[in-house]
Amino acid sequence: MRARLLALVLLLLLAGCSSGGTRDDGRITLRFQSLAWQEESVEANKALVKEWNTTHPDVRVEYVQGTWDSVHDQLLTAFEGGEAPDIIHDASDDLADFAYGGYLADLTDLLPARLKSDIPRRSWATTTFGDGVYGVPFLQEPRVLIANAKWLRQSGVRIPTPERPWSWAEFRRITERLSGQGKYGIAWPLKEPVSATLNLSLSAGGQLFHRGADGKVTVRFQAADQVVPRTIQEQVGTDRSASPTTLGSGGSDTLPGFFGGRYAMVPLGFSYRQQIVQQAPKGFDWQVLPAPTGAGGLTQGVSPQTLSVAEDCPHQKEAAAFIDFLLRPPNMVRLALGDWMLPTGTRALGDPALRTSEHGWATGTALAGHLRPAPAQTVRGYPEWKDKVATPALQEYYSGAIGLGELRERLEEDGNLVLARYQR
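Please read these numbers as outputs of a predicted model, since none were measured by experiment.

Some details on the packing of helix 9 (residues 193–201) against helix 17 (residues 382–398)
Relative orientation of the contacting elements helix 9 and helix 17 amounts to 85 degrees, with a least axis distance of 8 Å. Judged on the interaxial angle alone, helix 17 and helix 9 are roughly perpendicular. Contacts between helix 9 and helix 17 involve Pro193, Val194, Ser195, Thr197 and Leu198 from the first element and Tyr382, Trp385, Lys386, Ala390, Thr391, Leu394, Gln395 and Tyr398 from the second.

In structure tokens, the structure reads:
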């Protein structure tokens, strides 16, 4: 009898200490899983959680540190096990299956008018699935060229600006001019080649995914979609202006060679500037340049970082209120500075701290108005298509193992077979 009573007491104590729900004293506790990983970003997130808890004693937010590694599988397991965090940090291109699967709350009627109007419609499109809004897009980053400024000045090439960027053809000629004697004009880090290829292809007028009148999506690898991958492959295989050894590398892996004078430029996400500031040798002169353009101009695809609420969260109104607090303009600026990214909010984007020429902030903010939803944004089955079809096909194409015709065949024929399973 005493053992049973002891077990019951222990069970009640555990329930009272659980990380979600309502405590016996009436105070609500919400779990916020953050994927912030850079030191400045983690500090900013934790500081804002602390400020919320100080001013909202009846709704306590518990900070939970997550990781970008395998976040999709981790969240899926949590959703199916009924253990998902109440407030979820993710990326918009990971939301489609969760939204259509009923795991995320529709925020349409939960968000305040201030937040809805401050974030442009093009950004809301990244988290809108069907008739619902399943996340708040709050941070985004363009892909830019990080260049060795001294190398470019000495070469005499035209330095591009957001007002006068390089075309893809000019970019190819310049990287060839910058190459020779064991050095390369460009190093493409394409360990994860799909998002880079698809998002940059919008600048050339590419689309790849086409939605029919019946709502079903098909892949069509047309001329405009081929501009970017063909340019990269010709830089590697024909011009010898791109390093073949970095194709299987991540962005951080290229930095030692960049600092060592092996590559004149590296295409990277805007946030990599923090690593460069931290790791570059003293006196290393670098600058941020806009990515090349084609028929689509400066347009790029992006998948913003997002904040969502779990459908199973028993306090969705309070969770949405915390998101609104986290994304007030001054707070959004703090999050952007911590992650070295751009805020989606128009008021935050206008902050002087994000428009300085130092570290290329002004170049990034000049590109903000050209960022559009990534091509795969609302495509169900995209994670499987990316992992099983597009990634291996693009890796083989960039290495020269297959030609453009076979790349097209695999992206379209094999890819459409995968997507069809999600659209029945």
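Let's pick the thread back up.
Here's the deal with the nonpolar core
Of all hydrophobic cores here, the largest spans 54 residues; its most connected members are Leu30, Phe32, Phe79, Val136, Phe322, Leu326 and Leu327. A per-element tally of this core places helix 13 (residues 316–326) first, with 6 residues. Among residues more than four places away in sequence, those in contact with Leu326 are Phe32, Leu48, Leu307, Asn331, Met332 and Leu335. In terms of nonpolar packing, the next biggest core, distinct from the first, is built from 46 residues, Ala147, Ile174, Ile186 and Leu419 among them.

Regarding helix 17
Compared with the 24 Å implied by 1.5 Å per residue over 17 residues, the 21 Å span of helix 17 between its first and last C-alpha is markedly short. Residue Ala390 marks the point of greatest curvature in helix 17, where the axis turns by about 40 degrees; the proline Pro392 follows within four residues. Tyr382, Glu384, Trp385, Val389, Ala390, Thr391, Ala393, Leu394, Tyr397 and Tyr398 are the residues of helix 17 that are buried. Contact partners of the buried residues in helix 17: helix 9, strand 9 (209–211), strand 10 (217–219), helix 10 (223–237) and helix 18 (404–420). Looking one or two residues past helix 17, Gly400 carries a phi angle of roughly 90 degrees, positive in sign.

Reading the values: rules and limits
Residues numbered from 1 in each chain as written. Predicted model: local features only at pLDDT ≥ 70, side-chain atom pairs only at ≥ 80, totals over all residues. Heavy atoms only, no water. Axes fitted to C-alpha atoms, helices over the stretch in contact; angles between N-to-C directions. Helix = DSSP H or I, 4+ residues; strand = E, 2+ residues; numbered from the N terminus. Parallel < 35°, antiparallel > 145°, perpendicular 65-115°, else oblique. Contact = heavy atoms within 4.5 Å. Core = buried A, V, L, I, M, F, W, Y, C linked by side-chain atoms within 4.5 Å. Buried < 20%, exposed > 50% of the residue type's maximum accessible area, 1.4 Å probe, protein only. Expected span 1.5 Å × (residues − 1). Bend = angle between axes of the 7 residues up to and from the residue.

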